[in-house]
Amino acid sequence: SNEWLEPVEDEVSISIFDGNDNRVYLANTKTSSFGIVSGSFTLGDDLNSGLYRLQISSKGYTNTKSFKVNPYIVPQFEVNINSDKESYVVGDTAHFTIDAQYFFGEPVKNASVDIKINNQKFGETILTDNDGKYIFDYAVKDASSINISVAAQDESHAYVEGSKTVFASNNIFNVELVPEYGDLITGVSNRLYIITTKPDGSPVKTRTTIKLGA
């Protein structure tokens, strides 16, 4: 599109490069009056895996988008992330356990595991113990969701990913007062709803004291 963000109807060149930077697809086409172009690319049975690159060029401008291509391999084990709580208060220390187990019932010993929290690498690559586990702590500093993802590889180089999301807030639970009509209306009887929820939005049963006036 141009600098005024108006749709551009023009010729474009579309290329796809494989994991070894070989061009495996090339098409020249034209965008619609809405500035849109679409197409499809079929992956072959015998291909280079890795990070593929989609490249679109028009009028001297080039944009790229990367995506992963890997052969499907039936996973030999699973990796789970367990937490001591599902929600935390800012200032808490969260306790997490990574648990890697083969489907035939044995622990995945000495699996190398990379941990990310909110898409940022957390610590160094670690190894699971003889029970297939690794325990770590995380200081909760912000009122937001905490997204944990792990990538585990066993000694035979089988690769498995796992993830978990927990929540943090400034309070143990949240209290919200909601008027029936959105706003309080003078001169009529107003019905108010008191809603108490955990940081993840799930309801929590509480004992509530209501005071009216000063």
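Criteria and thresholds
- Residues numbered from 1 in each chain as written.
- Predicted model: local features only at pLDDT ≥ 70, side-chain atom pairs only at ≥ 80, totals over all residues.
- Heavy atoms only, no water.
- Pairing = 2+ DSSP bridges.
- Helix = DSSP H or I, 4+ residues; strand = E, 2+ residues; numbered from the N terminus.
- Axes fitted to C-alpha atoms, helices over the stretch in contact; angles between N-to-C directions.
- Contact = heavy atoms within 4.5 Å.
- Core = buried A, V, L, I, M, F, W, Y, C linked by side-chain atoms within 4.5 Å.
- Buried < 20%, exposed > 50% of the residue type's maximum accessible area, 1.4 Å probe, protein only.
- pLDDT = per-residue confidence, 0-100.
- Patch = residues over 30% accessible without salt bridge, like charges linked within 9 Å, V, L, I, M, F, W, Y side chains within 5 Å.
- Areas by Shrake-Rupley, 256 points an atom, 1.4 Å probe, with all protein chains shown as cover.
- Salt bridge = Lys/Arg side-chain N within 4 Å of Asp/Glu carboxyl O.

Points about the sheet that holds strand β3 (residues 50-58)
Here four strands make up an open sheet; going across it, the order is β2-β1-β3-β4 and the pairing antiparallel. Edge strands, defined here as strands with exactly one partner in the open sheet, are β2 (23-30) and β4 (61-69). Neighbour-to-neighbour, the strand axes of the sheet open up by a mean angle of 15 degrees, direction not taken into account.

What about the environment of K85?
Take K85: it is sitting in the loop between β5 (77-83) and β6 (87-89). When the C-alpha atoms of K85 and V166 are compared, they prove to be 7.9 Å apart, with 81 residues separating the residues in sequence. Once residues within four sequence positions are removed from consideration, K85 is found in contact with D92 and V166.

Considerations on the nonpolar core
Side chains of a nonpolar character, in soluble globular proteins, are inclined to be buried together. The biggest cluster of nonpolar side chains holds 26 residues, and the ones touching the most others in it are F77, F96, I115, I146 and I148. Counting residues per element, the ones that place at least two in this core are β5, β7 (93-102), β8 (112-117), β11 (133-139), β12 (145-153) and β13 (159-169). The contact partners of I146, leaving out residues within four places of it in the chain, are I117, N118, Y138, V140, K164, T165, V166 and A168.

Some thoughts on the environment of E176
Within the secondary structure layout, E176 lies in strand β14 (residues 174-179). Taking C-alpha positions, E176 is 29 Å from Y138, a pair spaced 38 residues apart along the chain. Those residues in contact with E176 that lie beyond four places of it in its chain are Y193, I194 and I195.

Things to note about the confidence of the model for the protein
Taken over all residues, the pLDDT of the protein has a mean of 88, while the share at 70 or more is 96%. The secondary structure element of the protein with the lowest average pLDDT is β14, at 79, and the one with the highest is strand β10 (residues 126-127), at 98.

Regarding the pairing of β7
With respect to burial, β7 is a largely interior element, seven of its ten residues being buried. Alignment of β5 against β7, held across seven bridges, turns out to be antiparallel. Residue pairing across strands places E78 opposite Q101, the latter belonging to β7. Where β7 lies against β11, seven bridges are found, and the strand directions are antiparallel. Bridging across to β11, I98 finds its partner in Y134.

So, a nonpolar patch on the surface
A cluster of nonpolar residues, I172, F173, V175, L177, L184, L192, I194, I210 and L212, forms a patch on the protein surface that exposes about 950 Å² of accessible area. Sorting the residues of the nonpolar patch by element identifies β14 and β15 (192-197) as the ones contributing at least two each. Topologically, V175 is positioned in strand β14. A relative accessible area of 57% places V175 in the exposed class.

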